[in-house]
Structure formats: structure tokens, C-alpha cells
Amino acid sequence: MKRVFITGMGVISAIGNTVTENHSALKNGVCGITMPPHSSPDLGRVPLAEVSLSNELLRERLQVFDPAVTRTTLLALHAFREAVQDAGLSGEEISSERTALIGGTTVGGMSQSDELYRDVSERYAASPFLSSYDCSSVFMFLQEQYRMKGVIDTINTACSSAGNAIGYGMRLIRSGLAGKAIVGGADSLSKFTISGFNALHILSPEICRPFDRNRQGLNLGEGAAFLVLEGEDEISADKKIYAEVRGYYNASDAFHPTSLSANGEGPYLAMQGALGTAGLRAGEVDFINAHGTATENNDESESRAMIRVFGEPPPFASTKSNTGHTLGAAAAVEAVYSLLSLENQEIYPGLHFSSVITGTELEPVTTYRRSPLRHIMSNSFGFGGNCVSLIFSKS
Amino acid sequence: MLYIHQAVAISPQETFPSFDLTRIYQPVDNKLEVREPSYEGIPRNLLRRMGKSVRMGIGASAPILRSTPRPVSGIVIGTGNGGTADSYSFLQQMKEYGEEMLTPGSFAQSTSNAMASQLSMMDQNKNYNLTHVHRGLAFEMALLDVSLLSLEDESAFYLLAGVDELSPSNYALDEMEGWYPPGIIAGEGAAAFLVSGQAQNALAAVKAVATLHSNDVEVVREQLENFLATHLPAGEGITCLVSGENGDTRMNDYYKACESLMSRGTAVLQFKRFCGEYPTASAFALWLAYHQLSEAESAGARNYLIYNTYKGRQHSFILLTGIVKDPVEMV
Amino acid sequence: MDKTELKQQLKEQVIQFLNLTSLKPAEIADNEPFFGEGLGLDSIDSLELIVLLNRMYGITIKDPKEGRKVLVDIETMADYIEKHRTK
């Protein structure tokens, strides 16, 4: 089976606009989640993790002035550029028929929900966003910017979207339908999403506390991240390789539209499945980047699932205490963080934790340390019970 | 080869539960709306919460899932607009009631994967589950996905579906952008398929699928030429071109280019007369082609080419072939 | 409004909020449990009923868990409304 490697990455989040900035923030336990007021009154009164760059600044930096481009797309473009530059891809390689682009997003252009409402209800003076509201607008824009001729796809499976995008890119390369794949996700904060999560009563009024007994819910965040994947036969000898995409599995919890089953069946199956596809035993996983949204339901179910798979789970932490929950981008952002761990042989501290969940008693890593790491598992569990587990291995 | 074992379509025509295309229902006010079935067998408790696209998708998929002895190994859906209608409902609530104290139902339904996850819950299916949302290629991406899955595990069966509803909000946006001048019909529908990598008693199979993004007619022609050269066996031609032509004259050149590569004997079937225009209309095209192929009595190679363009920028080719039953087997 | 009228109105509102289109108010017994075996509602429905209490009767329940104690059946819900309604 053809091996697939990661040769480039890019990320933008509340804790940094580049890989380097994110890395430094992770090491130093920086929290990008802030209490209100936020950059816009539209963003309401809950804690959120905003990317520090405004749309105006993003446009300036990216030199993109097309009014139809939404914030989600701007964030995606920022991370995409960093990734392809990092991988040293030429314009020709990006646009090649053999290069796929697979992206995940849940918000798409719904960051412009006011405009959508006006466009539909008033119908006369159309906004520039008429074809920007859907999820695909983000990756259609990238395809057009870079004149990409390969397989282009948009995936929306809620919080696991980018994880499936990474998996799909890997499978395209393994099948021979692509030689390279640029894979990832993007999502931006929007009052539409904030109101929706609020209506589900899963937002925390405080900064979130993953895996803590007194957690009260999640904090929404925004961001984007991309990985450049290349098949082993296509990588030139001098290319820098971060790691191998060793395992990927997608399983369904099949329990409820917005919460996980008590014993974490979907997460359990996803983790077991990923180990199977990676050809690894549970004991060989050195660290888990957990989904860890800090909702009452997720963290307990996820803990139970980890115990079922590992008995005694390896060190783990959730980086959502740094970046908030970046939804469709989460699995890609967290993949970048897993790769940083592997590259630097270090584990970053999980934040805001003080006491274990009664019953499961699992404690995340809370202090920075250097550690020999070979295999890292990264998990993302979405609405609708869509559970994805990825395993990255040092090559 | 991806073999098709079953196909169900809920469409503006009489296609489910019984099939009769001798009487064609015409558009009303430039729109073709589906003839919704009674959705027997779907728990009322679940049905009540479903928006139209989820309902149609489940309606088309549930009979297939009920008929399989074991859970399918994957549920893969394509939807272009899935979620927009419910998103707009939620926005209306936000406008009317402010941003606190809102009912979460339409928000939960507005995630594009609501249908795929409902299916997994109804069927207690814990296997692979994916929703592709790449607009006019959402169904083709789902088709490609199951093709890859079937290569990875030839013995497994998968549910593949393409669904989109004609919601007032989507129609409004498309109309404002100029996609519905008078005469161009908007449509909707759900088509679901049971597929696998093994022939069993399948009557048709997808040989290949290709997609591209381009506004250049020459690029489309060249890509189709390569596609046919690569996948059509030597000496065989296209029996029928299932064409996505929808009356929009701006698309004429693409369809002309495609037709120029067909042979004289190729029949042309314009499928959007039956289902109207929507991002996953090619799912209906596949259903229609499958039906024609499975009912045809003639022996010999029968190749159907589905060519569709969505808004002139996304293009797809699907090559479907009829399976000729081995004479020895028939004894 | 007397209790019987309130219960009748409440049944109509529950049907409307939860889109229980196949049910008529007469088909919902006063003591039929909302969750579990009775009407078979789930946690999203309980959030919707909390909104119903707020919009129709001006009652605010902040914690969904508190809500579950009140949202047992029509009878219990009507009792609670009588005591706490501000509309």
C-alpha cells in the first residue's frame, strides 16, 4: 500500500497567524479565547477565540479585493498559501491535474448571514455574496485562484469535516487518482453559528475547561489549516517530510443528532479502526490530540471511549483550550499541532484543567515537556455522530 | 467498476414507489417540485423534524437499507444546497426573536450531513459516513468516494445518494444571479443507489467518472475526448448521451462540443426535462440511465455517457455500461 | 384562563412547536410522559419546549436540566405555567 507523507503545512488561528506563531503559543500555553466584548457586537456575549486579523487586514495581506470573498475564504487562503510555500510547490504543481484539493467547512459563507437574510427576503439589491453562502464557495475560490485542474471537493460532516478531508486526500493518492493532495479546512465565527450553538445550550459562559469536572461547555473559535500530502513515489529526495499519514478511520456513533452515546461507541470504533488501518497496537500511540470540546457530553463519552481502547490511555490533551472549537477547520488545525509535536518531540500543555471527571478520572497533560514521540493520534467527533480518528507517524 | 444493484428516485415525475414515465408532469411557475410519497416505514417521530431534503433523501434511501440483509459498509451522500433551507429558517427566527431563546431544531437540521446521520441512526449503522457538498459536483464526488471504497473492499455494499430540495431561499439566490430566465426550470429530487465492487446480478455498472472546473469549451472537449479514449473499449461507441442540457443557451457550446464527439447513432436524452435544474441533478440522470439500461432487451455492449455542467463552470462525465448476462449463467 | 383551557392550549402549542403533525390535541393524554415510552421526545425537543415556555408564557428556564424536572407531561407543565407565568 502506497505511503502518504506530509510535506507542507499552514495554519491560522486565535493563537497565531502562521505555523511558527502557533508553535510558540502552544509551547507557552497561550490561550486565544477571550471574554466579550469582541471585535464586533454581532459576535455577542460569550467567550470566543478570534483570529487577530480583521477582514480588511486579511484582504490587504492577501491582496484579494473581490467583494464576494467571505472571511472563511480569506482564512483558508492565508493557510493554503503558507502550506504550499512550505511544501515548495510550484504554480504548475498546484494546478496539475494530479493535485487534488479537498476541504472541510461547516460555516462556508454563512459568516455573512445578514446579507443572506437580506438577499432572500428583500430580493432587489443583491449583495455580492449570492454564490458565496454555501460551503463549496471556499474551495471553489482556491481552485480558481490557483487554476487547479485536479479533483476538487468540499466536505461537511460538522466538526470532523477536515479530518475526512485529510482521509479522502490520502485515499485519492493511494488509489493513484492523485499524486499530491492539498487538504484541510476553514471556518470563521458568525452570529449564525453562535446563536445555533447557544440554542443547543452547549456554549460555556466562561473560558472552556476540557476534561475538567466543572466544565460548562465549549467556546467557538475560527481558523484554517492545510496539509500538503504527497505519495511516496512522487516525493523528491531533497524534500522535507514532517510525518506519514499512517491511519485514518471514519465511524458513526448512530445515537443522536448533537450528542454522543454515553459509552462513546462512535469514538471507540473510530480509534480502533484507525489503529487497524495503521497496523499499530494501542500501546504504540505516544500521544492523543483529543477532540475535547469541554462539553459535558463529549469529554465524558470521549474519556470512556479512550479507556475502552487503551485501558490506560497515553498522554493526551485538547488544544481547544488554546484555540476554541474551530469546527470545520478543527481536525486540520489539530493535525498541524500533532505534526509540530512530532517534529519537535514535545508535548504542549492542556489549559484550564484542575480536577478529573468523576467516574473516568483521566487527567490531560498540563505542563510542557519534551518527549520521545513516534505515533500521534488526533480525534474529531462531529454533530450527527461522525467520528474520525487520524494517526500521524514520524518517518 | 462500480456495480449498481438497486436505484430509487423521488422526483417530480412518477418514479417512486411505482415507475411510469409515459405521463410527464410539467413545471408550474418554472419549477418542478417532487411528488412526495407517503414515507411509509419511516417513524413519524423522526419524520416530523425533517426538512424536505432530509425527508426526500431518507425516503429514497430507506427502502434500499431495509432490503439489505446486513448493514451497508458505508453511507455516502452528495448535496449541493443541503442545509440552506433550514439555515434560512433559523435566520428568520433570529430576526424575529433576537439571538437568545431560539429553538435549536432548524439549526441542528441545517448541517449538510443531517440526512446522512439520520440514516445512520435509523439503521443503527456505525460504518463509514460522509457528506460531500461541492455544489454541482457533490454527487460525482460521492460517487468517486464509493468507487474508491469499493476498490478498497470489493465485497462490501454501499449506499450512495444525491439530494437537493428546491427551497425558496436557494431559488431566490439563483434567480437573482440570473440562472433562471423564463424557460429554465428549477427542480429537486433524491436518488439513492445500492452499489458494490462485485457484479452479483447487477444490470449496470459505472465504469468511470471524471470532473473538471473550467469555463473553456475547448478544455471540456479535450477532457471528454481523453475520458472516452481512456475508458471506452475499442470498437464500442456511446449508445445514449444523457445530457444535462436545460435550455440555457449560454451552455449551448458545451453541449455541442460534447455531442460532436458522439457517433451518428447516439441517442440523446435530456434528463432535466424530467427533474429540472439543481446541483445534484446528475444523481437523477444516473437513476434514469440505470433504469433504461436495466430494462433494455438488446444484447451487446450498451454504453451510456452522462454529461452535465452546473452553471458552466463545473463539468462531469459518468460512463455507465449495461451488464450483459453470461449466456452460460442463464441456462 | 382555567386549567382545562390551559392544558388544551398547551397541547396545541406543543404539537405546533415540535411539528408533531400526525397528532391531534385529543390524542395527547394529560399524563402521557413526554420522554421515554410516551411521546418519545428527545433532548432537542426539551430545549424547544423551554423556548415555548419563554415565548408563550414569559417563563425563563436557564438550565436544561432544571427544565427536565418541569417537562414531565402536560399536567406538570400546566401546573408550572400557572405558578410562574408572566404573560
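Residues numbered from 1 in each chain as written. Chains lettered and ligands numbered in written order. Predicted model: local features only at pLDDT ≥ 70, side-chain atom pairs only at ≥ 80, totals over all residues.

## Quick look at the overall build of chain B
Stated formally: Starting at the N terminus, helices and strands are each numbered in turn, a helix being any DSSP run of H or I of at least four residues and a strand any DSSP run of E of at least two. The globule rule is 2.2 Å times the number of residues to the power 0.38, and the radius of gyration it is compared with is taken over C-alpha atoms. Each residue is classified by how many other C-beta atoms fall within 10 Å of its C-beta atom, where C-beta atoms are placed from the backbone; a count of 20 or more means buried, 12 or fewer means exposed, and values in between mean partly exposed. Two residues form a contact once the distance between their C-beta atoms, set from the backbone, is within 7 Å.
A count of helices and strands for chain B gives 12 helices and 10 strands. Against the compact-globule benchmark of 20 Å for 331 residues, chain B has a radius of gyration of 20 Å, which places it among compact chains. If you line up chain B on its principal axes, its C-alpha atoms span 65 × 45 × 40 Å. Within chain B, the fraction of its 331 residues that count as buried is 56%. Counting only contacts in chain B whose residues sit at least 6 apart along the sequence, the fraction spanning at least 24 positions is 79%.

## Concerning the interface of chain A and chain B
Each partner contributes residues to the interface: chain A has 51 residues there, and chain B has 47 residues. Broken down by secondary-structure element, the contributors of at least two residues to the side of chain A that touches chain B are helix H5 (113–122), helix H6 (136–145), strand E4 (152–155), helix H7 (161–175), helix H8 (191–199), strand E8 (243–252) and helix H9 (265–278) of chain A. The element best represented in the side of chain A that touches chain B is H8(A), accounting for 6 residues.

## Quick notes on the domain arrangement of chain A
All names here are of chain A. Rules: Just so you know, the domain bounds were taken from an automatic or database domain assignment.
Entries for chain A in the domain assignment read domain 1 (4–234) and domain 2 (247–393). Each of domain 1 and domain 2 was reduced to a C-alpha centroid, and the two centroids are 21 Å apart. Each side of the interface is counted separately: domain 1 has 60 residues, and domain 2 has 53 residues. Every element with two or more residues in the side of domain 1 that touches domain 2 is listed here: strand E1 (4–12), helix H1 (19–27), strand E2 (48–49), H7, strand E5 (180–187), strand E6 (220–221) and strand E7 (223–231).

## So, the domain arrangement of chain B
All names here are of chain B. Note the threshold: Gly is placed with the polar residues, together with every amino acid not listed as nonpolar (Ala, Val, Leu, Ile, Met, Phe, Trp, Tyr, Cys and Pro) or charged (Asp, Glu, Lys and Arg).
By domain assignment, chain B separates into domain 1 (2–196) and domain 2 (204–325). The straight-line distance from the C-alpha centre of domain 1 to that of domain 2 is 22 Å. The interface is formed by 39 residues belonging to domain 1 together with 28 residues belonging to domain 2. Counting residues per element, the side of domain 1 that touches domain 2 draws most heavily on helix H6 (residues 138–152), which supplies 6 residues. When the residues that make up the side of domain 1 that touches domain 2 are grouped by side-chain class, the tally is 22 nonpolar, 12 polar and 5 charged.

## Section: the pairing of E7(A)
A regular strand places its side chains so that they alternate between the two faces of the sheet. All names here are of chain A. Where we set the bar: Two strands qualify as a pair provided that DSSP identifies no fewer than 2 bridges between them.
Of all 9 residues that make up E7, 9 are buried, and the element is covered over most of its length. Residues Gly223, Ala225, Leu227, Leu229 and Gly231 point to one face of E7 and Ala224, Phe226, Val228 and Glu230 to the other, with burial holding for every one of them. Alignment of E1 against E7, held across 8 bridges, turns out to be antiparallel. Counterpart to Gly10 in the pairing with E7 is Phe226. Of the strand pairs in this sheet, E5 and E7 are connected by 8 bridges, and their pairing is antiparallel. When the bridges of E7 are listed, Ile182 appears paired with Val228.

## Some remarks on the packing of helix H2 (residues 52–67) of chain B against helix H5 (residues 114–122) of chain B
Residues and elements named next belong to chain B. For clarity, the cut-off: For helices, the fitted axis covers only the stretch in contact; all axes are lines through C-alpha atoms, and the angles between them, taken along N-to-C directions, range from 0 to 180 degrees. We call a crossing left-handed when the near helix sits turned anticlockwise from the far one by less than a right angle, and right-handed when that turn is clockwise.
Running from N to C, H2 and H5 cross one another at 40°; their axes reach a closest spacing of 9 Å. In the packing of H2 onto H5, the handedness of the crossing is right-handed. Contacts between H2 and H5 involve Ser53, Val54, Gly57, Ile58, Ser61, Ala62 and Leu65 on the former and, on the latter, Ala114, Met115, Gln118, Leu119 and Met122. Of the residues in the contact of H2 with H5, the class split is 8 nonpolar, 4 polar and no charged.

## Let's talk about the interface of chain C and chain B
With 12 residues of chain C in contact, the opposing surface of chain B contributes 10 residues. With 5 residues, the single largest contributor to the side of chain C that touches chain B is helix H2 (residues 43–57) of chain C. In terms of residue class, the side of chain C that touches chain B is built from 6 nonpolar, 5 polar and 1 charged.

## A short note on unusual backbone geometry
The step from Pro36(A) to Pro37(A) runs through a cis peptide bond, and the omega angle for that step is 10°. Examined against the element boundaries, Pro37(A) turns out to sit in the loop between H1 and E2. At Gln345(A), a residue that is not glycine, the phi angle is positive and equals roughly 55°. Along the chain, the position of Gln345(A) falls in the loop between helix H12 (330–344) and strand E11 (346–347). Backbone geometry at Lys311(B) places phi at a positive 55°, although glycine is not the residue there. For Lys311(B), the location among the structural elements is in the loop between strand E9 (303–310) and strand E10 (314–322).

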